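Below are the chains, spelled out letter by letter.
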Amino acid sequence: MKAQILPPSFENISLAAESLRQGEIGAMPTETVYGLAGAAFDPKALARIFDVKERPSFDPLILHVPSMDPAIRLHRLEKLRLIDLHQFSDFARSRAELLLSKFWPGPFTLVLPKHEDVPELATGGLPSVGVRMPRHPIAQALISAAGFPLAAPSANRFGKISPTSSQDVLTELGDRISWILDGGSSEIGLESTVVELDPKGKLSFLRPGAISIEALEQAIGDSVSISTSFRQSPGHLENHYAPSKPLFLLPRAIQEIKSFSFLPPFPKGTSVGLLIYSGDPQEKARFLETQVGLSVTQALVLSSSGLLEEAAQSLFSCLRSLDEGSACFLVAEPCPSNQGLGYAIRDRLYRASHKSSSQPV
Ligand code: TXA
Ligand code: MG
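Residues numbered from 1 in each chain as written. Chains lettered and ligands numbered in written order. Predicted model: local features only at pLDDT ≥ 70, side-chain atom pairs only at ≥ 80, totals over all residues. Heavy atoms only, no water.

(A) Broad picture of unusual backbone geometry. Here the bond from Trp104 into Pro105 is cis, since omega is -10°, no more than 30 degrees from zero. Position of Pro105 relative to the elements: it lies in the loop between helix 4 (90-103) and strand 5 (108-113). Positive phi values are uncommon outside glycine, yet Glu54 reaches one of about 55°. Within the secondary structure, Glu54 is located in the loop between helix 2 (43-53) and strand 4 (62-64). One non-glycine residue, Arg81, lies in positive phi territory at about 60°. Assignment of secondary structure puts Arg81 in the loop between helix 3 (73-79) and helix 4. Looking at Arg81, the relative accessible area reads 41%, which means it is partly exposed. (Helix = DSSP H or I, 4+ residues; strand = E, 2+ residues; numbered from the N terminus. Buried < 20%, exposed > 50% of the residue type's maximum accessible area, 1.4 Å probe, protein only.)

Pasting the structure below:
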């Protein structure tokens, strides 16, 4: 099987929706990354998603819902038999309503207690479920045309780099699925922010994304705790989002480094792929070559002027391109900012990096 990349015409969206109604799966664009979509309540489609991604069954999926009136979102999720809030305090309910009205549609996943009808496979056996309303018009059109929520993990093989174009999905899963709806390059480029709300209204931060901790704290007028299980959050394992080549994350911008002794002793002239955060990649490549005696065969920049949005958008495609290049290993500069999207970029770079790098977020 070789997946077909489909332009997002009305006809193709109807075809894709019909395929989903038959229990099949396919890829759709969202504003974060491309997703591998299947019917959320169909155990056969869910099993197929896990199979195609080679994903362990403990790793829960995010369920994607159609556009809905802000005033009744929580109520609609209950009616759709996705969530069950009978143990929620009034405070927790109003906090959930506030979050959904502020951050939906968009790169925001809210984890809430699940309805008993949500298949175990969708939630990796957890009593909670992650729900998201994407703002991408093609994802929205597909969910509406299908007529039911869609489970959609990122459309990559487990542990690999998330896809931000239909071509990336083709590379990752082209031999395993039959269609990919084309939506061009993903606007944000990093997966959604994931937060969990408990019955008392306490909000825990599980995965950084475009909705920052600062934005969440401002919205609720309270502090947000970074979950103690953040590092262990299912599916948010270290060594995730990983290129197949070893990637060494530098502790600082390249020109500020006096000694590169933390790199393993590669033979002189070993080829290296370089990912810099900002500035001139050729200049930094020459610096690395002179300092360490390695040969930089490819040098890419996330954002020449150092803009966080641009860096996030290009991160996965740059990693993918370096991974497909001829270098033996990769070296990356860190993101200089820990604020907003900077925190999410740092998180993804750290997880993509080789175990010997020491750069926690
Ligand atoms: O932006 C996104 O969220 C993309 C697009 C396609 O929507 N989807 C995505 O799905 O990133 P995936 O499967 O690659 O990541 C899902 C992650 C899980 O690995 C876990 O970290 C978290 O979301 N998650 C989902 N349900 C959860 C739950 N019930 N409890 C805790 N974490 C959950
Ligand atoms: Mg993923």
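(B) Quick peek at the state of the cysteines. Within this structure, the stated rule accounts for 0 disulfides. Here Cys318 is not cross-linked by a disulfide; its sulfur's nearest cysteine counterpart is in Cys335, at 13 Å. (Disulfide = S-S within 2.5 Å.)

(C) A look at the packing of helix 4 against helix 8 (residues 213-220). Close contact between helix 4 and helix 8 brings their axes to 10 Å; oriented N to C, the two are set at 125°. It follows from the interaxial angle that helix 4 and helix 8 lie oblique. The handedness of the crossing between helix 4 and helix 8 comes out as right-handed. Between helix 4 and helix 8, the residues in contact are Arg95, Leu98, Leu99, Lys102 and Phe103 and Ala215, Leu216, Ala219 and Ile220, respectively. When the residues that make up the contact of helix 4 with helix 8 are grouped by side-chain class, the tally is 7 nonpolar, no polar and 2 charged. (Axes fitted to C-alpha atoms, helices over the stretch in contact; angles between N-to-C directions. Parallel < 35°, antiparallel > 145°, perpendicular 65-115°, else oblique. Left-handed = near helix turned anticlockwise from the far one by under 90°. Contact = heavy atoms within 4.5 Å. Nonpolar A, V, L, I, M, F, W, Y, C, P; charged D, E, K, R; others polar.)

(D) Here's a closer look at the pairing of strand 6 (residues 128-132). Among the 5 residues that make up strand 6, 5 are buried, leaving the element largely enclosed by the rest of the structure. With burial as the criterion, each face of strand 6 is covered, one bearing Ser128, Gly130 and Arg132 and the other bearing Val129 and Val131. The pairing of strand 4 with strand 6 spans 3 bridges and is classified as parallel. Across the sheet, His64 pairs through a bridge with Arg132, a residue of strand 6. Across 5 bridges, strand 5 lies against strand 6 in antiparallel orientation. In the strand pairing of strand 6, Pro113 is matched with Ser128. (Pairing = 2+ DSSP bridges.)

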